Amino acid sequence: MRRYLRSGQISRLSTFITNRSPPYRLRRVSSISMDSSITPKEGGFAGVSLEDLPKSHSFTSKLPGDPEVPTPESSRMATTENPKLLLPRMVKDGLFVYVKPDVHDMAKTEVLAVSPAAMRDLGLKLNEKESEEFKKFVVGNRGFEEESYPWASLYGGWQFGDWAGQLGDGRAISMFEGTNPSTRVRYEVQLKGAGRTPFSRFADGRAVLRSSIREFLVSEALNAISIPTTRALSLSYFTNEKVLRERIEPRAIVVRMAESWLRIGSFDIHRLRQQRNLLITLADYCIEEVFGGIEMIVDEAKKKGYGDAYEGLDRYRILYKEVVRRTAETTALWQVYGFMNGVLNTDNVSVYGLSLDFGPFSFMDTYDPSFTPNHDDHFLRYSYRNTPTIMWWNLVRLGEDLAELYAVDDPAFLATEEYLSSGIPESKFEDFVGRAEKIIEEEGEFYKSVFEKHYAAGFASRLGLTQTKDTDRDGIIESALELMKVHKLDFQHFFRRLGGVSVFGKEAIAVEGIAAVFLTGQRGIGVPSTEESANSIYEWLIDTYRARLEEEGSTNDEARKSRMNNVNPKFVLRNWILNEVIERVEKLGDRKVLDHVLHLALHPFEETWTSEEESAERYKDEQRFSGDVPMEGQGITCSCSS
């Protein structure tokens, strides 16, 4: 009798609790050959055309696909001869299915917005957005089948704690892997909303304009504040197509890109199906192709000061640890900037440490640690406070997925037919579970230490500190959060406005000036009086904040303001702003507001963007969007419908 590690068998490890850096981004050097004629121009790399962008398809060339549609040619033939193979069904083997996006009437499509930052990072010249090739590509009418035939990936997921079974790319189709000729960073480029795939289940494979605007803008907003994230290249709209969700809505497509779209759910499904050969193949692919190999993983860990933690580990333990590290760092940054995904199921958690799949997300308005942006999250599973814990819960699922690979007593056993067909022998199973449990416990401690390091460093930076002390988390940071909670202060404005407050010398703020800085918005009911709040904030500024600054010698208010303005955005992409953009684009036909808000999202730390003389309308919007949140815009929640 053989057994496999079931979810929940070591479930006590899932209850790891933590109450809560400098931004990072590991850039993998692509191994594909580069065209020597594509070189940076004098004065900087100007970018290439979509046609000339180096493309590859390592995912489909190095991983096994669905045996029902084994080749691009079989997918082409299935379109007319057996279309059911490309429609929703169970895909019982392989890691992807070859499938092409829908074709559309170009006269009935419109490119609404293109991110110049994403164009630059992918390696495209900015004026490429005006080309017919680009306009066809972003709505699914131009592929590059000779270089890379499109595909949809398989994954599963634990959703709200329950196993959901097969999920997969139900409306996202990967077109190719594009490598920036200058930076050599490789991105897998997808069309989201491009049509049905075998993973669409009961859905239509399409996306609505509302959710597409949200994903397009937040992807670029997160990147602008240096939070690791998937990216959005373009947003397109179909003038003649409607989609039924909670209401009838316009259809759209987002072109998005990421260093990898693999997620924890990519591993979950093969463990639950006991497909050990696919699990090993995927783990090896992740190590070599996504992370660039064990040597690169360890080198990056050493640069970050974690080299000792990786020393002497086998390749699959290193893979697990690397995902744990990246997840901890990104989760800490979410907390530092008050970002909540809203649906942190394992199918929405990137193995690369990216913010991924944006549904009912939100940035924090008035500080409330119990806030969740998902109006279906009745038990607050994905609230701000619970985010670090639920991310560890997800990592335990990955630990279970990989357990047989890193906790087997003899790694050579993994290559045997006996293991691939039957797993861990019954006689060795108890010892195996003990080793797996111990390793996951150790990784839990690693997760906690990495998270706390970046959490403390991130908040210290937002507070204008130049050094991080061991006592800061429970001291200055916790006291600031408690101050915001008790007096219902705006989480985003607090840090930006704190940078503009003098606490030293003759210009030091007086208690009479507190309300005009920190108490300008609507704070709701059940809060202390303005006078009481002002006194409490002033007391914190003088007794706690100023004292901590003095400890490290940071007594120059102007220097501190400069530091803080570089890490505390003045513009934050709040839900009320997104709702207004959606309303103006969808109902009023306003195209300018989308580009305007994108510009603000890409330059969030500026003090001003447009003068009143340049454009009174833009100036007015900028003042509103970066000002106090209107009462009706506070704490907006969303559904998962998109």
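Details of the structure are given in the entry above.
The structure displayed is predicted, hence computed values, not measured ones. Within any chain, residue numbers begin from 1 and follow the written order of that chain's sequence. Note on the predicted model: pLDDT of at least 70 is required for a residue's local features to be given, and 80 or more for side-chain atom pairs to be given and counted; whole-chain, interface and lining totals, by contrast, use all residues. No hydrogens and no water enter the side-chain calculation; it runs on all heavy atoms of the structure.

Structural notes on the environment of T366
- Structurally, T366 can be placed in the loop between β14 (362-363) and α11 (387-406).
- For the exposure calls, accessible area comes from a 1.4 Å probe over protein chains only, and a residue counts as buried if that area is under 20% of its type's maximum, exposed if over 50%, partly exposed in between. Since its relative accessible area comes to 19%, T366 is described here as buried.
- In this structure, the C-alpha to C-alpha distance between T366 and M484, residues 118 residues apart in sequence, is 7.9 Å.
- Non-local contacts of T366, meaning those with residues more than four positions away in its chain, are made with K488, L489, D490 and Q634.
- Polar contact is the term for a pair of N or O atoms within 3.5 Å; when the atoms are in protein, one must be able to donate a hydrogen and the other to accept it, and sequence-neighboring residues count only if both atoms are side-chain atoms. In terms of polar contacts, T366 uses its side chain to reach the side chain of Q634, at 3.0 Å. Labels follow the DSSP assignment, with helices taken as runs of H or I lasting at least four residues and strands as runs of E lasting at least two, numbered in each case from the N terminus. The criterion used for residue contact is that any of the two residues' heavy atoms lie within 4.5 Å.

Here's the deal with the pairing of strand β11 (residues 231-244)
- Taken across its 14 residues, β11 has 10 buried, putting it largely inside the fold.
- For strand β4 (residues 109-114) and β11, the ladder comprises five bridges, and the chain directions are antiparallel. When the sheet's bridge partners are listed, V111 is paired in β11 with S236.
- Whether two strands pair comes down to DSSP finding at least two bridges between them. In the sheet, β11 pairs with strand β12 (residues 248-258) via nine bridges, with the strands oriented antiparallel. Each residue of the ladder has a partner; that of S234, found in β12, is V255.
- With antiparallel pairing between neighbouring strands as the criterion, β11 and β12 make up a hairpin whose turn holds three residues.

A short note on the packing of aromatic side chains
- Within 6.5 Å between ring centres, the rings of Phe, Tyr and Trp (the latter by its six-membered ring) count as paired, and their orientation is classed by plane angle as stacked under 30 degrees, edge-to-face over 60, tilted in between. Scanning the entire structure with this criterion turns up 37 aromatic pairs.
- Between the aromatic rings of W158 and W163, the centroid separation amounts to 5.4 Å while the plane-to-plane angle is 55°, which identifies the pairing as tilted.
- On the accessibility criterion, W163 (29% relative accessible area) is partly exposed.
- Their ring planes at 85° and their centres at 6.3 Å tell us that F459 and F491 sit as a pair that is edge-to-face. Residue F459 is found in helix α13 (residues 426-462), and its partner F491 is found in helix α15 (residues 491-499); the two are separated by 32 residues along the sequence.
- The residue whose ring lies beneath R142 is F144, and the NZ or CZ to ring-centre distance is 4.1 Å. Throughout this description, the term charge over a ring refers to an Arg CZ or Lys NZ atom that lies within 6 Å of the ring centre and within 35 degrees of the ring normal.

Describing the packing of helix α19 (residues 575-586) against helix α21 (residues 616-625)
- Angular values range over 0 to 180 degrees, each being the angle between N-to-C directions of two axes fitted as lines to C-alpha atoms, with helices fitted over their stretch in contact. Where α19 meets α21, the axes come as close as 11 Å, and the angle between the chain directions of the two elements is 145°. Between α19 and α21, the residues in contact are W576, I577, E580 and R584 and E617, D621, R624 and F625, respectively.
- The residue classification treats Ala, Val, Leu, Ile, Met, Phe, Trp, Tyr, Cys and Pro as nonpolar and Asp, Glu, Lys and Arg as charged. All others, Gly included, are polar. Tallied by class, the residues present in the contact of α19 with α21 amount to three nonpolar, no polar and five charged.

Remarks on the pattern of salt bridges
- One side-chain nitrogen of Lys or Arg within 4 Å of one carboxyl oxygen of Asp or Glu is enough to make a salt bridge. Scanning the model with the defined rule gives 55 salt bridges in all.
- Put simply, E288 and R315 hold a salt bridge, and the shortest N to O gap is 3.2 Å. Residue E288 is found in helix α7 (residues 276-290), and its partner R315 is found in helix α10 (residues 315-336); the two are separated by 27 residues along the sequence.
- Judged by relative accessible area, which is 39%, E288 ranks as partly exposed.
- Of the residues examined, R315 reaches a relative accessible area of 27% and is grouped as partly exposed.
- The salt bridge partner of D621 is R584, with a shortest N-O separation of 3.3 Å. With a gap of 37 residues between them, D621 in helix α21 and R584 in helix α19 connect regions that are remote in the sequence.
- Classification of D621 as buried rests on a relative accessible area of 8%.
- Here R584 falls in the buried class, since its relative accessible area comes to 13%.
- Salt bridges sharing common partners tie together K192, E215, R256, R263 and D357.

Let's talk about the packing of helix α14 (residues 473-487) against helix α17 (residues 530-552)
- Relative orientation of the contacting elements α14 and α17 amounts to 170°, with a least axis distance of 11 Å. One finds that α14 runs roughly antiparallel with respect to α17. For the pair α14 and α17, the contacting residues are I476, S479, A480, L483 and H487 in the first and E532, S533, S536, I537, W540, T544, Y545 and R548 in the second.
- Within the contact of α14 with α17, the residues separate by chemical class into six nonpolar, five polar and two charged. Note that the term roughly parallel is reserved for angles under 35 degrees, roughly antiparallel for angles over 145, roughly perpendicular for angles of 65 to 115, and oblique for everything else.

Let's talk about the layout of surface pockets
- A volume near 300 Å³ is recorded for the second largest pocket.
- Computed over the protein atoms alone on a 1 Å grid, cavities are sets of points where a 1.4 Å probe fits but cannot get out and pockets are open sets with protein on both sides within 12 Å along at least five of seven lines; a residue lines them when it has an atom within 4 Å of a point. If you trace the second largest pocket, you find 17 residues lining it, with V111, A113, V114, K129 and E130 closest to the centre.
- At the level of secondary structure, the elements contributing two or more residues to the lining of the second largest pocket comprise β4, α4 (132-137) and α20 (592-602).
- With six residues, the single largest contributor to the lining of the second largest pocket is β4.
- Along the lines of polarity and charge, the residues of the lining of the second largest pocket split into eight nonpolar, three polar and six charged. Grid points are joined across faces, edges and corners, and a volume is the space filled by probe spheres set on the points.

Comments concerning the environment of S153
- Here S153 lies in strand β5 (residues 151-153).
- Taking the relative accessible area as the measure of exposure, S153 reaches 9% and is therefore buried.
- Sequence separation between S153 and G65 is 88 residues; the distance between their C-alpha atoms is 9.0 Å.
- When residues no more than four places from it in sequence are discounted, the contact partners of S153 are F59, L95, F96, G168, D169 and F199.

A look at empty space enclosed by the protein
- Approximately 140 Å³ is the volume attributed to the largest cavity.
- If you trace the largest cavity, you find 17 residues lining it, with L489, D490, F518, G521 and D628 closest to the centre.
- In terms of residue count, the dominant contributor to the lining of the largest cavity is α15 (three residues).
- Taken together, the residues of the lining of the largest cavity break down into six nonpolar, six polar and five charged.
- A volume near 120 Å³ is recorded for the second largest cavity.
- Every residue lining the second largest cavity is counted, 15 residues in all, and those nearest its centre are F59, S153, W261, L262 and S266.
- Listing elements by their share of the lining of the second largest cavity, those giving two or more residues are β9 (186-192) and α6 (264-272).

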